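Below are the chains, spelled out letter by letter.
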Amino acid sequence: MNNILNIDTSSNEIIKVGLNIEGKDYLIEQKLDKKKAQIVLPLIEKLLNDNNLKLNDITEIKVN
């Protein structure tokens, strides 16, 4: 199984966190209102929980 976590913190306005699960994409975007690290970790957790995955299920991480 190929599960890719995509993290994009390149913008100073929006953070994007996505999952590609066997070719199907899931994406969460959130406007910045605090530090990036305080936003990105809960987004990753939500995305994993919404798709019944654990961090161990991720086979690749891409960061931009």
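Just above, that's the structure.
All of the points below concern the structure found in this document. (Residues numbered from 1 in each chain as written. Predicted model: local features only at pLDDT ≥ 70, side-chain atom pairs only at ≥ 80, totals over all residues. Heavy atoms only, no water.)

What the protein chain contains, in helices and strands, is 1 helix and 4 strands. Secondary structure of the protein chain in N-to-C order comes out as β-β-β-α-β. For the protein chain, whose C-alpha radius of gyration is 11 Å, the value lies close to the compact-globule estimate of 11 Å for 64 residues. Taking the principal axes of the C-alpha coordinates as reference, the protein chain spans close to 35 × 20 × 15 Å. Counting across all 64 residues of the protein chain, residues that qualify as buried make up 33%. For the protein chain, the proportion of contacts with a sequence separation of at least 24, taken over those separated by at least 6, is 42%. (Helix = DSSP H or I, 4+ residues; strand = E, 2+ residues; numbered from the N terminus. Rg over C-alpha atoms; globule rule 2.2 N^0.38 Å. Buried < 20%, exposed > 50% of the residue type's maximum accessible area, 1.4 Å probe, protein only. Contact = heavy atoms within 4.5 Å.)

Burial of strand β2 (residues 14-21) is extensive: 6 of the 8 residues sit out of reach of the surface. Between strand β1 (residues 3-8) and β2, which pair antiparallel and follow one another directly, the connecting turn spans 5 residues. One ladder, built from 8 bridges, connects β2 with strand β3 (residues 24-31); its direction is antiparallel. Its bridge partner being in β3, I14 is matched across the sheet by K31. Counted along the chain from β2 to the antiparallel partner β3, the turn is 2 residues long, and its residue E22 has a positive phi close to 50 degrees. (Pairing = 2+ DSSP bridges.)

Quick look at the sheet that holds β2 now. Taken in spatial order, the 4 strands of this open sheet run β3-β2-β1-β4, and their pairing is mixed. Only two strands of the sheet have a single neighbouring strand rather than two, namely β3 and β4 (60-63). Between one strand and the next, the sheet's axes are offset by a mean angle of 15 degrees, whatever the strand orientation. Pairing between β1 and β4: 4 bridges, direction parallel. If you follow I4 over to β4, its bridge partner there is E60. Against the sheet, helix α1 (residues 36-50) engages β1, β2 and β3, with an angle of about 25 degrees to β2. (Axes fitted to C-alpha atoms, helices over the stretch in contact; angles between N-to-C directions.)

For the coordinates displayed, the defined rule picks out 2 salt bridges. Here K62 makes a salt bridge to E60, at a shortest N to O gap of 4.0 Å. The class for K62 is partly exposed, based on a relative accessible area of 42%. You can call E60 partly exposed: its relative accessible area is 33%. (Salt bridge = Lys/Arg side-chain N within 4 Å of Asp/Glu carboxyl O.)

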